[in-house]
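For reference, the chains in residue letters:
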Amino acid sequence: MLLHSFFITPNNRKVEAFIKHFDLDVDIHQVNFREHENQTEAFLAMNPMGKVPVLVDGDLNLWESNAILTYLATMFPATNALPTDARARADVDRWLHWQSCHLMPAMGRLKTDDDADPEEVLKPLFRVLDIQLRDKEFVCGALSVADFAIAAYTLTKLGRKLDYSDVPNVAAWRERVASLKGFVETQYKDPGMPGGPPR
Ligand SMILES: N[C@@H](CCC(=O)N[C@@H](CS)C(=O)NCC(=O)O)C(=O)O
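In this text the structure is predicted, and so the values were computed from the model without any measurement.

A. Focus on the overall build of the protein chain. When helices and strands are counted, the protein chain shows 9 helices and 4 strands. With respect to the principal axes defined by its C-alpha atoms, the protein chain has extents near 45 × 45 × 25 Å. Within the span of the protein chain, comprising 199 residues, buried residues form 34% of the whole. Within the protein chain, residue pairs in contact and separated by at least 24 positions form 64% of the contacts whose partners lie at least 6 positions apart.

If you want it as C-alpha cells, here you go:
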C-alpha cells in the first residue's frame, strides 16, 4: 500500500500516526504542493478532489482520511482499532463523523476568521468530548481510530495554543495520545518543509 500525504496537516498526520504507531506495511509519499503535484492528471485520477491523504491499495484509490483509517484498521486487524461489534463500531463511527462534521469545520473557521473566539467556537465541542472521556482512557474506551482522528486536531499549532484546563478529561487524554509512538514519530520538526496546504 502507498499513502500520498502531506504530514503537517491533521488529516494526514492522523493516518501517518496510525501507520507508524502500529508499524504497518504502508509506504508514505509526501506530495509536493509547491509543484502542484495534487493537481496533476495522475493525482486527480486517484483523487478528483485534488486533496491528500490518498491511500492506494492495488486498484483501490481511497481518499477521505477517516475512510482510510477504518480501511487500514480492517486490513490490519491486529491493530484492534476498530470494533466488529455493531454498537461499539457505531460509537467509533459517531466520533469519526463528529471530528469531520464538527471539529474540523470549527478549527477551519478559527484559521480563517480572525474575529472568531476559540473559547466560543471550540469549548462547546470539547465539553462534549470531556463528558465522553469521563472514566475512559480513550474516546471509545480502548484505543481506536477515533483517537487518531480527533487527537490530530488537538495537536495542531492552533490546538496546542488552547487552554484545556476546564476540560480536564480532554487535557489528560490529549497528553496520553500525544505520547503514543505514532504521534511522537510524526511531530512537526522541519519548518523548511517545501510548500504545502495550510495546517
Ligand atoms: N475531508 C478530507 C479533507 C482533506 C483535505 O482537506 N486535505 C487538505 C490537507 S489537510 C488538502 O489536501 N488540501 C489541498 C488543497 O485543497 O489544495 C479528509 O479528511 O481527508
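B. Up close: the domain arrangement of the protein chain. The domains assigned to the protein chain are domain 1 (2-79) and domain 2 (86-184). Listed by partner, the interface residues are 11 residues for domain 1 and 12 residues for domain 2. Element by element, the count of residues in the side of domain 1 that touches domain 2 is highest for helix α1 (residues 10-21), at 7 residues. Classifying every residue of the side of domain 1 that touches domain 2 gives 5 nonpolar, 3 polar and 3 charged.

C. Layout of the packing of helix α3 (residues 65-75) against helix α6 (residues 145-154). One way to put it is that α3 packs onto α6 with a least axis distance of 10 Å and a crossing angle of 150°. Taken as axis vectors, α3 and α6 run roughly antiparallel relative to one another. Between α3 and α6 the crossing geometry is right-handed. In this structure, α3 uses Asn66, Leu69, Thr70 and Ala73 to contact α6, whose residues at the interface are Val145, Phe148 and Ala149.

D. Just the confidence of the model for the protein chain, in detail. Confidence in the prediction of the protein chain, expressed as mean pLDDT, is 94, and 94% of residues score 70 or more. Across residues 190-199 the pLDDT falls below 50, and counting only partners more than four positions away or on other chains, this stretch makes 16 contacts in the model.

E. Spotlight on the pairing of strand β2 (residues 27-30). Sheet analysis places strand β1 (residues 2-5) next to β2, joined by 4 bridges and oriented parallel. By the bridge assignment, His4 is partnered in β2 with His29. Considered for its hand, the β-α-β crossover made up of β1, α1 and β2 is right-handed.

Reading the values: the criteria
- Going along each chain's sequence as written, the residues are numbered from 1 onward.
- Local features are withheld for residues below a pLDDT of 70 in this predicted model, meaning they are given only at 70 or higher, and side-chain atom pairs are given and counted only at 80 or more; totals for whole chains, interfaces and linings count all residues.
- By definition, any uninterrupted DSSP run of H or I lasting at least four residues is a helix, any uninterrupted run of E lasting at least two residues is a strand, and each is numbered from the N terminus.
- Partly exposed residues are those whose C-beta has more than 12 but fewer than 20 other C-beta atoms within 10 Å; with 20 or more the residue is buried, with 12 or fewer it is exposed, and the C-beta atoms are placed from the backbone.
- We call two residues in contact when the distance between their C-beta atoms, placed using the backbone, is within 7 Å.
- All domain edges in this entry derive from an automatic or database-based domain assignment.
- Just so you know the grouping, Ala, Val, Leu, Ile, Met, Phe, Trp, Tyr, Cys and Pro go in nonpolar, Asp, Glu, Lys and Arg go in charged, and all remaining residues, Gly too, go in polar.
- Lines are fitted to the C-alpha atoms to define the axes, a helix being fitted only along its stretch in contact, and any angle between axes, read from their N-to-C directions, falls within 0 to 180 degrees.
- Our angle categories are set so that under 35 degrees counts as roughly parallel, over 145 as roughly antiparallel, 65 to 115 as roughly perpendicular, and the remainder as oblique.
- Handedness of a helix crossing follows the sense of rotation of the near helix relative to the far helix, less than a right angle counterclockwise being left-handed and clockwise being right-handed.
- pLDDT is defined as a per-residue confidence score from the predictor, taking values between 0 and 100.
- Strand pairing follows a simple DSSP-based rule, namely that at least 2 bridges must link the two strands.
- With its strands directed away from the observer, a crossover is right-handed exactly when the path from the first strand over the helix to the second travels clockwise.

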